[in-house]
Amino acid sequence: MLRMRYSALSALAAIGLLAAGTVPPAHSQAAAPNPAKVAELRMALRDLYLNHIVWVRSLVVTTRLGDKVAVGEADEYGIKNAKAIGQSIAPVYGQAAADKFTTLFVGHYSAVKGYMNAAFANNFKGNPALKKAAVARLLKNADEIAVFVSSANRRSPCTGSC
């Protein structure tokens, strides 16, 4: 459980580095990042990640309460938000990177949802086998996000398992 939290936090911290704009984007190593685009991305990511927290929380609470209409709404907006987070990096890192990040972040949202469903199975007693599989999926996704983020900037001084 601790490893999962560490991997997830590491991946999210690495994603935050995308917004930092301290080094050039991967597709153009010679050019410096546009400060206006970096600032715009930073603010957009802040709002998108706050919304991510809101929609995941809404999904959990409404699922626990059994409100199917609210669950559907939270899930719809949670997926839209995950896609928006992925696409938010396009102005700085290009459309191909944004498409890849979108796939990874939608996978993150789906993995979190899968864990929640496993934890709520059996009349909220949980299903250990499903929880174990969900944790494995979360860890795999966190690793994929970490690899993607670390490869987005080839000039990073971090190599290996930072």
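The following paragraphs examine the structure supplied in this document. (Residues numbered from 1 in each chain as written. Predicted model: local features only at pLDDT ≥ 70, side-chain atom pairs only at ≥ 80, totals over all residues. Heavy atoms only, no water.)

## Description of the nonpolar core
Point 1. Counting 24 residues, the largest nonpolar core has Tyr-49, Ile-85, Ile-89, Tyr-93, Phe-101, Phe-105 and Phe-148 as the members making the most contacts within it.
Point 2. For this core, the secondary-structure elements that each account for two or more residues are helix 2 (35-65), helix 3 (68-87), helix 4 (90-93), helix 5 (95-124) and helix 6 (128-151).
Point 3. Among the elements that make up this core, the one with the highest residue count is helix 5 (seven residues).
Point 4. If sequence neighbours within four positions are ignored, Ile-85 has contacts with Leu-45, Leu-48, Tyr-49, His-52, Phe-101 and Phe-105. (Core = buried A, V, L, I, M, F, W, Y, C linked by side-chain atoms within 4.5 Å. Buried < 20%, exposed > 50% of the residue type's maximum accessible area, 1.4 Å probe, protein only. Helix = DSSP H or I, 4+ residues; strand = E, 2+ residues; numbered from the N terminus. Contact = heavy atoms within 4.5 Å.)

## Here's the deal with the pattern of salt bridges
Two side chains bearing opposite charge may form a pair once their charged atoms approach each other closely.
Point 1. Across all of its chains, the model carries four salt bridges by this definition.
Point 2. Between Arg-46 and Asp-47 there is a salt bridge whose closest N-O contact spans 2.8 Å. (Salt bridge = Lys/Arg side-chain N within 4 Å of Asp/Glu carboxyl O.)

## Notes on helix 5
Point 1. In this model, helix 5 (30 residues) spans 41 Å end to end at C-alpha, consistent with the 44 Å of a helix rising 1.5 Å per residue.
Point 2. The sharpest bend along helix 5 reaches about 25 degrees and sits at Ala-118.
Point 3. Inspection of helix 5 places Ala-97, Ala-98, Phe-101, Thr-102, Leu-104, Phe-105, His-108, Tyr-109, Ala-111, Met-116, Ala-118 and Ala-121 among the buried residues, and these make up the whole buried set.
Point 4. Gly-126 lies just past helix 5 and shows a positive phi near 90 degrees. (Expected span 1.5 Å × (residues − 1). Bend = angle between axes of the 7 residues up to and from the residue.)

## A look at the packing of helix 5 against helix 6
Point 1. Closest axis-to-axis distance for the helix 5/helix 6 pair is 9 Å, and the angle between their directions is 160 degrees. Of the possible angle classes, the one that applies to helix 5 and helix 6 is roughly antiparallel. Helix 6 is crossed by helix 5, and the crossing has left-handed handedness.
Point 2. Looking at side-chain class alone, the contact of helix 5 with helix 6 contains 14 nonpolar, five polar and four charged residues. (Axes fitted to C-alpha atoms, helices over the stretch in contact; angles between N-to-C directions. Parallel < 35°, antiparallel > 145°, perpendicular 65-115°, else oblique. Left-handed = near helix turned anticlockwise from the far one by under 90°. Nonpolar A, V, L, I, M, F, W, Y, C, P; charged D, E, K, R; others polar.)

## Some thoughts on the packing of aromatic side chains
To describe a pair of aromatic rings, you give the distance between the ring centres and the angle between the ring planes.
Point 1. Going through the model one piece at a time under the given rule, you end up with five aromatic pairs.
Point 2. With a centroid separation of 5.8 Å and an interplanar angle of 75 degrees, the aromatic rings of Tyr-49 and Phe-105 are classed as edge-to-face. Separated by 56 residues along the polypeptide, Tyr-49 in helix 2 and Phe-105 in helix 5 bring together distant segments of the chain. The burial state of Tyr-49 is the same as that of Phe-105; both residues are buried.
Point 3. Measuring from ring centre to ring centre gives 6.0 Å for Phe-101 and Phe-105, while their planes differ by 55 degrees; the resulting arrangement is tilted. Of this pair, Phe-101 and Phe-105 both sit in helix 5, four residues apart, which is roughly one turn of the helix. The pair Phe-101 / Phe-105 is uniform in exposure class, with both members buried.
Point 4. One aromatic cluster is present, built from ring pairs that chain together Tyr-49, Phe-101, Phe-105 and Phe-148.
Point 5. Positioned above the aromatic ring of Phe-124 is the side chain of Arg-64, whose terminal nitrogen or guanidinium carbon lies 3.9 Å from the ring centre. (Phe/Tyr/Trp six-rings, centres within 6.5 Å; stacked < 30°, edge-to-face > 60°. Lys NZ or Arg CZ within 6 Å of the ring centre and 35° of its normal.)

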